[in-house]
Amino acid sequence: MRYIKKSEMEPRDLREYKKNCCKASPPLKITYKDMPKDGTRQQLARDQGYLCAYCMRRVSLDPADQLNYLNIEHLNPQNQLTDEAATDFSNLLGVCPGNRSSTENAKKTCDAYRGILEEDQQTMRLNPLDEAQMDTIFYQRNGEIGSIDTELNKELSDKLNLNSEAAYLLQNRETAYSQLVRFLKAKKPIGEWSKPFLQQAWRLFCTPDKTGAYREYVGVYEYWLKHWMKKCSRAKC
């Protein structure tokens, strides 16, 4: 999970839908069920670098790609909102399917896991749009995600199941960490990792490609490169 700087303006098709509902005589009810979703999916994917807002898996805009097709998630649960409030773009995130078709709840993640909780348990404070919160996130070498904030740390597992071994997220994040370390070690021994060297690695691992897509699990690369650069600053390397 990483900070998402989201577009402030609603997608054009959503703005037009709301405007046409209000202009109709009599005015039509604005609902999430009836709102157009293509523009919202596209905007969320761009804002998030084509990654799930929660687990950072790759998401797709191709409906035929059911394993990766972007789902629209309500940060504040939809079942607690009015019909019109459920169309508020500022409350929407793009997420992966989260293994929602699995018959084993332990394999479900992200909003698919959150959705199996009792309605009164679905609300969470955890918010990838909150930069201060995302600054508390850390990653262990074994791929475990955590937060120095006790409540947020609990929600990462209890609300989204992001540390489930059954869902392979833990293993995938460990692989990302190992890949980064192998790359750096192949270039220079650990004791010679200078800040300029790490900044070069940042440009390679943490910069979106020409389509705007980030690497999967980019938050792992960002966390560890920042960690090592801070150590360099203290050591003046």
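See the structure shown above.
Residues numbered from 1 in each chain as written. Predicted model: local features only at pLDDT ≥ 70, side-chain atom pairs only at ≥ 80, totals over all residues. Heavy atoms only, no water.

## Considering helix α7 (residues 195-205)
The following threshold applies: Burial here depends on accessible area, computed with a 1.4 Å probe over protein chains only, as a share of the maximum for the residue type. Under 20% is buried, over 50% is exposed, and the range in between is partly exposed. Numbering of helices and strands runs from the N terminus; a helix is a DSSP stretch of H or I covering at least four residues, while a strand is a stretch of E covering at least two. What the arc describes is the spread of directions from the helix axis to the C-beta atoms.
Among the residues making up α7, those that are buried are Phe-197, Leu-198, Ala-201 and Phe-205. Burial along α7 is one-sided: seen end-on, the buried residues are contained in an arc of 95°.

## Topic: the side chain of Asn-127
Which entries qualify depends on this criterion: Contacts described as polar in this section are N or O atom pairs within 3.5 Å, which, within protein, must combine one atom able to donate a hydrogen with one able to accept it, while residues neighboring in sequence count only if both atoms come from side chains. Throughout, a residue-residue contact means that at least one pair of heavy atoms, one from each residue, lies within 4.5 Å.
Tracing the sequence through the fold places Asn-127 in the loop between α3 (110-114) and α4 (131-134). Looking at Asn-127, its side chain comes within polar contact range of the main-chain nitrogen of Leu-129, at 2.8 Å. For Asn-127, the contacting residues outside a window of four places in its chain are Leu-75, Gln-133 and Met-134.

## With respect to unusual backbone geometry
The peptide bond linking Ser-25 to Pro-26 adopts the cis configuration, its omega dihedral lying at -5°. If you trace the backbone, Pro-26 turns up in the loop between α1 (12-23) and α2 (38-47). In this structure, Tyr-50 is a non-glycine residue whose phi angle is positive, near 60°. By the element assignment, Tyr-50 lies in the loop between α2 and β1 (71-74). A positive phi angle is found at Cys-110, which is not glycine, with a value near 55°. Note that Cys-110 resides in helix α3. You can call Cys-110 buried: its relative accessible area is 0%.

## A look at the packing of aromatic side chains
The geometry of an aromatic ring pair is captured by the separation of the ring centres together with the interplanar angle, meaning the angle of the planes. The test is simple: Aromatic pairs are defined between Phe, Tyr and Trp rings, using the six-membered ring for Trp, whenever the two ring centres lie within 6.5 Å; interplanar angles under 30 degrees are classed as stacked, those over 60 as edge-to-face, and all others as tilted. Charge-over-ring placement is defined geometrically: NZ (Lys) or CZ (Arg) within 6 Å of the ring centre, and within 35 degrees of the ring normal.
This model, assessed by the stated rule, comprises eight aromatic pairs. With 6.1 Å between their ring centres and 65° between their planes, Tyr-139 and Tyr-223 make a pair best called edge-to-face. Residue Tyr-139 is located in strand β3 (residues 137-139), and its partner Tyr-223 is located in helix α8 (residues 218-235); the two are separated by 84 residues in the primary sequence. According to the relative accessible area criterion, Tyr-139 is buried, its value standing at 3%. On the numbers, 5.6 Å between centres and 40° between planes, the contact of Trp-224 with Trp-228 is tilted. With Trp-224 and Trp-228 both in helix α8 and four residues apart, this pair spans about one turn of that helix. As far as burial versus exposure is concerned, Trp-224 and Trp-228 are alike and both buried. In this arrangement the basic side chain of Lys-37 is found over the ring face of Tyr-32, its NZ or CZ atom lying 4.5 Å from the centre.

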